[in-house]
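One letter stands for each residue in the lines below.
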Amino acid sequence: MSPREIDLHLPHVRIAAREWGDRDAEPVLALHGWLDNAASFDTLAPLLSDLHLVAVDLPGHGRSRHRPPGAIHHFIDWVPEVAATADALGWDGFSLLGHSMGAGICSLVPAVFPGRVRRVVLLEGAGPLAADAAKAPEQLISALGDETRAGGAGSRVFPDIESAVEARRRDTDLPEDAARRLVERGTEEVEDGVRFSFDPRLKTRSRLRFTENQVRAFLAAIDCPVLAVGATQGWPFPREIVEARLALIPTLERADVEGGHHVHLTHPERVAPPVTRFFSATRPG
């Protein structure tokens, strides 16, 4: 299946997306990780042929517009944007598939829109990052400093796409072909070469983070089946926190697959079977 490029107009921003599958099939919204884009699902989506999968470039990522001047990327703002995206697609009920940061977003949405989300697949993630409430002043001070520096910062310019791919691979588990997919969608041509198209404000620290208890309250309020897929060589999330969080989800299935943090992109044939089984087993009727 070749993806189809679409544009979605939310009330405050235009976002780009790519879709696969029959539009009469099960609707699934796919959310990528931090500084990634919709190409994160390029290899997995064709293996989920029974689904109508729409992978978005979240605002400030890929080919989507940036938030307006003066705005920030607060994690909680992704939640109403998921619902607005579903509205723009004409979906009432829908399922979610999220990777890393996208999985963190997917962990919050069902509690806010109960009954609307049918199923959730969490790939290498279980809720957003949390912080001790006592560190809130320190967090805000650091974030405001980041925002001041980001205000005058431009994205680094690379002489060619190969140099950008090499930079993207640094400190990641991505092989060249996987990195190239993300880079080709996540860069733009400029006079002296290419630069990453993501909003520099995405690299600033959050002004305020959830506390761990707040994250757990969202997870405990999920009212639909959830599949959590972990990678054996994935991101080193604190295991005790992940286990405690997942234990709170009322209807949970788990699957572990061999691979790194981006296993859904690098080895989609390992991720597709448990995801396909999950959707088949939990489909109404």
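See the structure shown above.
Since the model is a prediction, treat every value here as computed from it, not as a measurement.

A.B. asks: Whenever I open this one, the overall build of the protein confuses me. Can you help?
C.D. replies: When helices and strands are counted, the protein shows nine helices and 11 strands. Scaling as 2.2 N^0.38, a compact globule of 285 residues should have a C-alpha radius of gyration of about 19 Å, and the protein matches this with 18 Å. Across its three principal directions, the C-alpha atoms of the protein cover 55 × 50 × 40 Å. Evaluated residue by residue, the protein yields a buried proportion of 51% over its 285 residues. Considering only contacts in the protein between residues 6 or more positions apart, those separated by 24 or more positions represent 75%.

A.B. asks: Just checking my understanding: could you explain helix α6 (residues 212–220) for this structure?
C.D. replies: Within an α-helix, residues lying three or four positions from one another point in the same direction, as the helix has 3.6 residues per turn. Burial in α6 covers these residues: E212, V215, F218 and L219. Across the axial projection of α6, the buried residues extend over an arc of 125°, all falling on one side. Residues of α6 that are buried make contact with α2 (101–112) and α7 (239–246).

A.B. asks: Help me understand the pattern of salt bridges in this model?
C.D. replies: Close approach of charged atoms allows side chains with opposite charge to pair. Evaluation of the coordinates by the stated rule reveals 25 salt bridges. Among the salt bridges present, the one from D36 reaches R168, with a minimum N-O distance of 2.3 Å. In this pair, D36 sits in the loop between β3 (26–31) and β4 (51–56) while R168 sits in helix α4 (residues 161–169), placing the two residues 132 residues apart along the sequence. Across this residue pair, the class does not change: D36 and R168 are buried.

A.B. asks: How should I be thinking about the pairing of strand β11 (residues 252–260) in this particular structure?
C.D. replies: Direction of pairing for strand β10 (residues 226–233) relative to β11: parallel, over a ladder of seven bridges. Residue pairing across strands places G230 opposite D256, the latter belonging to β11. Following the backbone out of β10, through α7 and into the adjacent parallel β11, one traces a crossover that is right-handed.

A.B. asks: Any chance you could explain the state of the cysteines here in plain terms?
C.D. replies: Simply put, disulfide is the name for a covalent bond between the sulfur atoms of two cysteines. Taken as a whole and judged by the stated rule, the model has zero disulfides. A disulfide-free cysteine, C224 has its sulfur positioned 9.9 Å from the sulfur of C106, the nearest such atom. Looking at C224, the relative accessible area reads 4%, which means it is buried.

A.B. asks: I would appreciate a short explanation of the pairing of strand β9 (residues 193–196) in the present structure.
C.D. replies: The side chains of a regular strand alternate, first on one face of the sheet and then on the other. As defined by bridge partners, strand β7 (residues 157–158) adjoins β9 across two bridges and the pair is classed as antiparallel. Residue F158 lies in a different strand from β9, and its bridge partner there is V194. Across four bridges, strand β8 (residues 187–190) lies against β9 in antiparallel orientation. Opposite E188, over in β9, you have R195 as the bridge partner. Linking β8 back to β9 in an antiparallel pair, the connection comprises two residues.

A.B. asks: Whenever I open this one, the nonpolar core confuses me. Can you help?
C.D. replies: Across soluble globular proteins, nonpolar side chains have a tendency to be buried as a group. Among the nonpolar cores identified, the biggest contains 57 residues, and L29, L31, V56, V82, L96, I105 and V120 are the most heavily contacted of them. If one sorts the elements of this core by residue count, α2 sits on top with six residues. In contact with V82, other than residues within four places in its own chain, are L29, L31, F94, L96, I105 and V109. Membership of the second largest hydrophobic core comes to 25 residues, among which are V28, A45, F278 and F279.

A.B. asks: Explain the sheet that holds strand β1 (residues 4–9) here, please?
C.D. replies: Within a sheet, each strand pairs with its neighbour through backbone hydrogen bonds, oriented either parallel or antiparallel. As summarised here, the arrangement of the eight strands in space is β1-β2-β4-β3-β5-β6-β10-β11, forming an open sheet in which the pairing is mixed. With partners counted over all chains shown, the strands left at the sheet margins are β1 and β11, one partner each. Going from strand to strand, the sheet's axes swing by 25° on average, the running direction of each strand aside. Looking at chain direction, strand β5 (residues 94–99) and strand β6 (residues 117–123) are connected through five bridges and run parallel. Each residue of the ladder has a partner; that of H99, found in β6, is L123.

A.B. asks: I'm lost on helix α9 (residues 268–282) in this one. Help?
C.D. replies: Taking 1.5 Å as the rise per residue, α9 with 15 residues should run 21 Å; its terminal C-alpha atoms sit 21 Å apart, in good agreement. Among the residues making up α9, those that are buried are P268, V271, A272, P274, V275, F278, F279 and T282.

A.B. asks: I tried to follow the packing of aromatic side chains on my own but got confused; where do I start?
C.D. replies: Two aromatic rings are characterised by how far apart their centres lie and by the angle between their planes. Applying the stated criterion across every chain yields a total of five aromatic pairs. Each ring, one from F278 and one from F279, has its centre 5.7 Å from the other, and the planes form 75°; the classification is edge-to-face. Judged by relative accessible area, F279 falls into the buried class, the value being 3%. Taken together, F158, F196 and F198 form an aromatic cluster joined through their ring pairs. Over the aromatic face of W78 sits the side chain of R67, whose NZ or CZ is 5.0 Å from the ring centroid.

What counts and how
Numbering of residues begins from 1 in every chain and follows the order in which that chain's sequence is written. Given that the model is predicted, a residue must reach a pLDDT of at least 70 before its local features are reported, and side-chain atom pairs must reach 80 or more before they are shown or counted; all residues, however, enter totals for whole chains, interfaces and linings. No hydrogens and no water enter the side-chain calculation; it runs on all heavy atoms of the structure. Secondary structure elements are taken from DSSP: a helix is a run of H or I of four residues or more, a strand is a run of E of two residues or more, and numbering for both begins at the N terminus. Our radius of gyration looks at C-alpha atoms and nothing else; its globule reference is 2.2 Å times the residue count to the power 0.38. A simple rule labels every residue: compare its accessible area, found with a 1.4 Å probe on the protein chains alone, to the largest value its type can have, and call it buried under 20%, exposed over 50%, or partly exposed in between. Pairs of residues are marked as contacts when any of their non-hydrogen atoms sit within 4.5 Å. This arc is taken over the directions from the axis of the helix to the C-beta atoms. The salt bridge definition used is simple: a Lys or Arg side-chain nitrogen within 4 Å of an Asp or Glu carboxyl oxygen. DSSP bridges decide pairing: two strands pair if at least two such bridges lie between them. A clockwise path from the first strand over the helix to the second, with the strands pointing away from the viewer, defines a right-handed crossover. For this text, the term disulfide refers to a pair of cysteine sulfurs within 2.5 Å. Nonpolar cores were defined as sets of buried Ala, Val, Leu, Ile, Met, Phe, Trp, Tyr and Cys residues, with membership established by side-chain atoms within 4.5 Å. Helix axes are fitted to C-alpha atoms over the stretch in contact, other axes to C-alpha atoms as well, and angles between N-to-C directions run from 0 to 180 degrees. The span expected for a helix works out to 1.5 Å for each residue beyond the first. Any two of the Phe, Tyr and Trp rings considered here, Trp counted by its six-membered ring, make a pair once their centres fall within 6.5 Å; the pair's planes then place it as stacked at under 30 degrees, edge-to-face at over 60, or tilted in between. For a Lys NZ or an Arg CZ to count as sitting over a ring, it must be within 6 Å of the ring centre and within 35 degrees of the ring normal.

Geometric descriptors of this kind do not, in isolation, establish any biological role.
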